[in-house]
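# Coordinate analysis (summary)
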Amino acid sequence: MAPRQIARSPRFQPKEHMTNRVRRRYYVIIGTIAFLCYLNSLSCGFVFDDMSAVRDNRDLRPETPLLNVFWNDFWGTPIHKEHSHKSYRPLCVLTFRLNYMLSELEPMSYHLVNVVLHIYVCFLYFRITHLFLSESVSLVASILFAVHPIHTEAVTGVVGRAEILSSVFFLLAFSSYIKATRKPQHTDWSSLLECVIFVVVATLSKEQGITVVGLCGVYEVFVVQKFRLLDLLYIGQNLMSSKAPPPLWLREMMLRLTVLFLGSLGLLVGRFQVMGAQLPVFTRFDNPAAVVDTPARQLTYNYLLSVNTWLLLFPFNLCCDWTMGTIPLVESFTDPRNIATLGVYLALVLLVWSVLYSDDEHAEILIMGLALLILPFLPASNFFFPVGFVVAERVLYTPSMGLCLIVAYGWHLLMERIRWKPLMWALLTVLLLSHSLKTIVRNFDWKNEYSIFMAGLKVNQQNAKLYNNVGHALEGEGKFTEALEYFLQAVCVQKDDIGAHINVGRTYNNLEMFSEAEQAFMKAKGLLPRPKTGEPYTVRIAPNHLNVFLNLANLISRNKSRLEEADALYRQAISMRADYIQAYINRGDILIKLNRTQEAQEVYERALQFDSSNPDIYYNLGVVYLEQRKATQAMVYFNKALEIDPNHEQALMNSAVLIQESGSNKLRHVAYKRLQHLLEKGKSNERVYFNLGMLAMDEKRVPEAETWFKNAVQIREDFRSALFNLALLLSDSQRPLEAVPFLKQLLKYHPDHVKGLILLGDIYINHMKDLEAAEKCYTKILKMDPNNVQAKHNLCVVYVERGQLTVGEHCLIQAASLAPQEEYIQRHLKIVRARLKKIQSRKEDNASKTRVKSLGKHQDTTITESSINKRPVSTETYHTDTASHITSES
């Protein structure tokens, strides 16, 4: 049982005789070229998918339990949820988490790691190609790979790290398998175990990593054992007919492949256990071919092979997004694009056929090149399961290794057969320079959201998603009018794009064109699939499309008379997707506004059944208890929200306010620490400064409180409570004249601020001696509230200070009737009457004035605004102004 080329050692063994000096020089060349090509990527920010995978991914935060990384998808969503993307790449997320630990959300560190990993892949690739090619040809292949423009999405886009990291372990797994098979009849089991481990790690970095198992199988059969098609047929016939045990070399081969197969099978089973039974939900806009009938689906899928091949061969019209209408469907056999499909298949068949029957030394190189090109691409080919994209340049990162190997080897053959070698060198130089320049220029496209999507529109004007994303970028800069133009263009390009209509509605809302916004949201809502009459809603809808209910409900809830209508929309959204957490949160807020706090509590408790790790739910439950005047329970839920997310802004703020208002001396330092934490995180606003001022004011730290209040007023010049408390603080600190400008600023924006008018009147009487201005303050209060005792009493003081004792007496009588329980009014009335009695008895005006003054000195409390007002106007009274600052989250 021996085919013609049984169990020969591989022709290309690692070149251990090569000197380290030469090897190091080549590594320096490869690394330098790769680094220079991607140097400008270090200045790029987070764009496109980076926002969801990095910036908004809670799994990167140190406070998130590390185990969450292994139960959530690439974007931080629990992978068992229906709306999860099902991308399971925990090791890649762990590297993002390490980046965050070192530099938080500083983009440069993330880009630098990507560039370093790309250089390492180039080094590994050089080592692998050197097994099949000479060192100089391996260098050419590695440089081609290092500078190929198709890699910009994988290297410059932060989320592309999944491809690079998977490729690192892909190549390490393949390298370990090569070591395990150096002696075909004796397996190196430690190297094989390494290979299995690297396969697992590669797959946990990105799903396509498992395809290295196929590459190892191809290497085993066609390189280690040097089988060709006839050999395989011959061995199959012998195994079927012979009763003799298989030879040692065959047993070892089968054992190695069995270990690889069982390892990958176990990995797949574990992967499906984690993912659950459902495939991810993709819309027809993500992958239009996935939802059309035969033969359009198959014709389009096959045509996409030629598109990917073209991008690998001529990577000059690159685009960050190829979904929606970028590539029209191939709907019939007469479509001329089918010629491109046939051309690709014909080329592949000819190459595969030639190597399967070839016995020369070129066959093994071509076999490995084709295996590297084809196998890593299969998971993205749509042939086994639909994927969430039409074309994605980043998935061509690993397949491009096969192309670069074949191109470098083809160049080498031409160099050997063509006399004009300078011409071949010139062509290679042009290719490398053009690719390098394109890569550098392409990196600039990834600078920010606007630049990357505008670059995409230059390549393709039929993709509504690109218009939408340009609009999002402009919207993020507050350029709503310009954003609206792109959103409307997206609607024109793809009239049934629900997301585009939502974007139009949201932008109209930002422009305060509420009627147009509601119409746009209603159009989007009308495009959602509807259940059949009498049947439950079973259609799976993309989660972002359900946002139309939230946007529409938020819009109409501006009108208090339509709160019930908004509640109905939230209920409809929840009926379509039971675990729609944001709908629960928003509905609870509406119920609070409707004073149905018990229902709101039930809504939030139900939301916790779906997501017990969501800090917003706990925070909103705290708000519910606060509305129910259950401050202790509210504090428990605020603290629970902070356990999950220590950076939760509303929980930090409102728990601190709650502590401050409780007057608890023991917890005051906690409140101060939480507000300081907001400042350290760059989340300072007028409310943070104000409440820091309140804490300092409670502890009699006057200079500190003054600074905080002034910071709050500097941010918001009409901040009612900050202005008043700052004025009160200055007045109580014997600096009343400094308080006047802040009181006037307060009354400019809030002319009906009663306590501000009373305090200003007090300063006018006691410190500025401006009785007319004081009278205006109190008269204004009484016009708004004729029964205001403080204003009435202090107006009486003005009359007395003017010497109008009779008018003052009558005024105090009225004040006493409004508040008969106030002893100080009765006491002051007695003083005035006594003075009147003395005036009548002496009949002398000058003596009367003198007696008024002496009487004021003789009494324990003078009849001035300052003394009369001392009891009703106090720091504690003003502190109640802060109660309105504890608000629910919308």
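Residue positions are given per chain, counting from 1 as you read along its sequence in written order. Totals for whole chains, interfaces and linings use all residues, but because this is a predicted model, local features are given only for residues with pLDDT of at least 70 and pairs of side-chain atoms are given and counted only at 80 or more. Side-chain measures here rest on the full set of heavy atoms in the structure, leaving out hydrogens and waters.

## Observations regarding helix α30 (residues 686-698)
- Only DSSP runs of H or I reaching four residues or more are called helices, and only runs of E reaching two or more are called strands; each is numbered from the N terminus. The span expected for a helix works out to 1.5 Å for each residue beyond the first. Here α30 is 13 residues long and its end C-alpha atoms lie 18 Å apart, about the 18 Å a rise of 1.5 Å per residue gives.
- Burial classification: accessible surface area is computed with a 1.4 Å probe over protein chains only, and a residue below 20% of its type maximum counts as buried, one above 50% as exposed, and the rest as partly exposed. Within α30, 11 of the 13 residues are buried, leaving the element largely enclosed by the surrounding structure.
- Turning to α30, its buried residues number three or more, namely Glu686, Val688, Tyr689, Phe690, Asn691, Leu692, Gly693, Met694, Leu695, Ala696 and Met697.
- The term polar contact refers here to a pair of N or O atoms within 3.5 Å; inside protein, the definition further demands a hydrogen-donor-capable atom paired with an acceptor-capable atom, and it admits residues adjacent in sequence only when both atoms are side-chain atoms. The N-capping residue of α30, defined by a side-chain oxygen 2.9 Å from the backbone nitrogen of Arg687, is Asn685.
- Looking one or two residues beyond α30, the residue adopting positive phi is Lys700, at roughly 65°.

## Considerations on the state of the cysteines
- To count as a disulfide, a pair of cysteine sulfur atoms needs to be within 2.5 Å. Within the structure shown, the criterion is met by one disulfide.
- Paired by a disulfide, Cys796 and Cys811 hold their sulfur atoms 2.0 Å apart. The sign of the -80° torsion about the S-S bond sets the Cys796-Cys811 disulfide as left-handed. Placement of the pair is Cys796 in helix α36 (residues 789-802) and Cys811 in helix α37 (residues 805-818), with a sequence separation of 15 residues.
- Take Cys811: its relative accessible area is 3%, and that puts it in the buried class.
- Unpaired in terms of disulfides, Cys319 finds its nearest cysteine sulfur in Cys320, a separation of 5.0 Å.
- Its relative accessible area of 1% is what places Cys319 among the buried residues.

## Brief notes about a nonpolar patch on the surface
- A cluster of nonpolar side chains, Phe35, Leu36, Leu39, Leu112 and Val116, forms an exposed patch at the surface whose accessible area comes to about 420 Å².
- Of all the secondary-structure elements, those providing two or more residues to the nonpolar patch are α1 (20-38) and α4 (107-129). Distance thresholds for patches are 9 Å for like charges and 5 Å for nonpolar side chains (Val, Leu, Ile, Met, Phe, Trp, Tyr), applied to residues having over 30% relative accessible area and no salt bridge. Every accessible area reported is derived by Shrake-Rupley at a probe size of 1.4 Å, with residue values counting cover from the shown protein chains alone. One side-chain nitrogen of Lys or Arg within 4 Å of one carboxyl oxygen of Asp or Glu is enough to make a salt bridge.

## Notes on the side chain of Asp59
- Take Asp59: it is sitting in the loop between α2 (50-55) and α3 (90-103).
- Buried and unpaired, Asp59 has no salt bridge, with Arg97 as the nearest side chain of opposite charge at 6.0 Å.
- A polar side-chain atom of Asp59 sits 3.0 Å from a polar atom in the side chain of Asn72.
- Residues within four places of Asp59 in sequence aside, it is in contact with Thr64, Asn68, Val69, Asn72, Asp73, Gly76, Val93 and Arg97. For the purpose of counting charges, residues Lys and Arg are taken to be positive, whereas Asp and Glu are taken to be negative. His and the chain ends are not included. Here, two residues are considered to be in contact whenever any of their heavy atoms come within 4.5 Å of each other.

## What about empty space enclosed by the protein?
- Here the term cavity refers to a set of points on a 1 Å grid, laid over the protein atoms alone, in which a 1.4 Å probe fits but cannot get out; the term pocket refers to an open set having protein on both sides within 12 Å along at least five of seven lines, with lining residues being those that place an atom within 4 Å of a point. Grid points are joined across faces, edges and corners, and a volume is the space filled by probe spheres set on the points. Going through the model one piece at a time under the given rule, you end up with four cavities of 30 Å³ or more.
- Reported here for the largest cavity is a volume of approximately 50 Å³.
- Lining the largest cavity, in full, are Tyr301, Leu304, Leu305, Asn308, Phe377, Ala380, Ser381, Asn382, Phe389, Val390, Val391 and Ala392.
- Split into classes, the residues belonging to the lining of the largest cavity amount to nine nonpolar, three polar and no charged. Note on residue categories: nonpolar means Ala, Val, Leu, Ile, Met, Phe, Trp, Tyr, Cys or Pro, charged means Asp, Glu, Lys or Arg, and polar means any other residue, Gly included.

## Considering the side chain of Glu393
- Mapping Glu393 onto the fold places it in the loop between α14 (363-374) and α15 (399-417).
- Despite being buried, Glu393 has no salt bridge partner; Arg442 is the closest side chain of opposite charge, sitting 4.1 Å away.
- In this structure the side chain of Glu393 is engaged in a polar contact, spanning 2.7 Å, whose partner is the backbone nitrogen of Cys319.
- The contacts of Glu393, once residues within four sequence positions are left out, are Ile150, Glu153, Leu311, Leu318, Cys319, Trp322 and Arg442.

## Concerning the confidence of the model for the chain
- pLDDT is a per-residue confidence score from the predictor, ranging from 0 to 100. Per-residue pLDDT for the chain has a mean of 84; in total, 87% of the residues score no lower than 70.
- Looking across the chain, the model is least confident in helix α41 (residues 875-879), with a mean pLDDT of 25, and most confident in α4, with 96.
- Contacts of residues 847-890 to residues separated by more than four positions or lying in other chains number 100 contacts, the stretch itself having pLDDT below 50.

## Some words on helix α17 (residues 449-459)
- Among all positions of α17, only Glu449, Ile452, Phe453, Ala455, Gly456 and Leu457 are buried.
- As for α17, its buried residues are in contact with α2, α16 (421-445), α18 (464-476) and α19 (480-493).
- The N-cap residue of α17 is Asn448: its side-chain oxygen and the backbone nitrogen of Tyr450 are 3.2 Å apart.

## Observations concerning the pattern of salt bridges
- If you walk through the whole model with that rule in mind, you get 34 salt bridges.
- Residues Arg701 and Glu704 are paired through a salt bridge, measuring 2.7 Å at the closest nitrogen-oxygen approach.
- By relative accessible area, Arg701 is classed as partly exposed at 26%.
- Put simply, Asp718 and Arg716 hold a salt bridge, and the shortest N to O gap is 3.2 Å.
- Residue classification places Arg716 among the partly exposed positions, given a relative accessible area of 30%.
- What emerges from the salt-bridge pattern is a single network uniting Glu564, Asp567, Arg571, Arg587, Arg596 and Glu599.

## Brief notes about the packing of helix α5 (residues 135-147) against α16
- At a minimum axis separation of 9 Å, α5 and α16 run at an interaxial angle of 25°. By the angle class used here, α5 and α16 are roughly parallel. Where α5 abuts α16, its residues Val140, Ile143, Leu144 and Val147 lie against Leu428, Leu431, Leu432, His435, Ser436 and Thr439.
- Within the contact of α5 with α16, the residues separate by chemical class into seven nonpolar, three polar and no charged. Axis definition: a line fitted to C-alpha atoms, over the contacting stretch in the case of helices. Angles run 0 to 180 degrees between N-to-C directions. By definition in this entry, angles of less than 35 degrees are roughly parallel, angles greater than 145 are roughly antiparallel, angles of 65 to 115 are roughly perpendicular, and the rest are oblique.

## Quick look at the environment of Met108
- Its place among the elements puts Met108 in helix α4.
- For Met108, a relative accessible area of 44% gives the class partly exposed.

## Here we look at unusual backbone geometry
- Looking along the chain, the bond that leaves Thr294 and enters Pro295 is cis, with omega of 5°.
- Turning to its location among the elements, Pro295 is positioned in the loop between α11 (248-275) and α12 (296-313).
- Even without being glycine, Glu512 reaches a positive phi, approximately 60°.
- In this fold, Glu512 is placed in the loop between α20 (498-510) and α21 (514-526).
- Since its relative accessible area comes to 61%, Glu512 is described here as exposed.
- One non-glycine residue, Lys700, adopts positive backbone phi at about 65°.
- Residue position: Lys700 is located in the loop between α30 and α31 (702-715).
- Judged by relative accessible area, which is 64%, Lys700 ranks as exposed.

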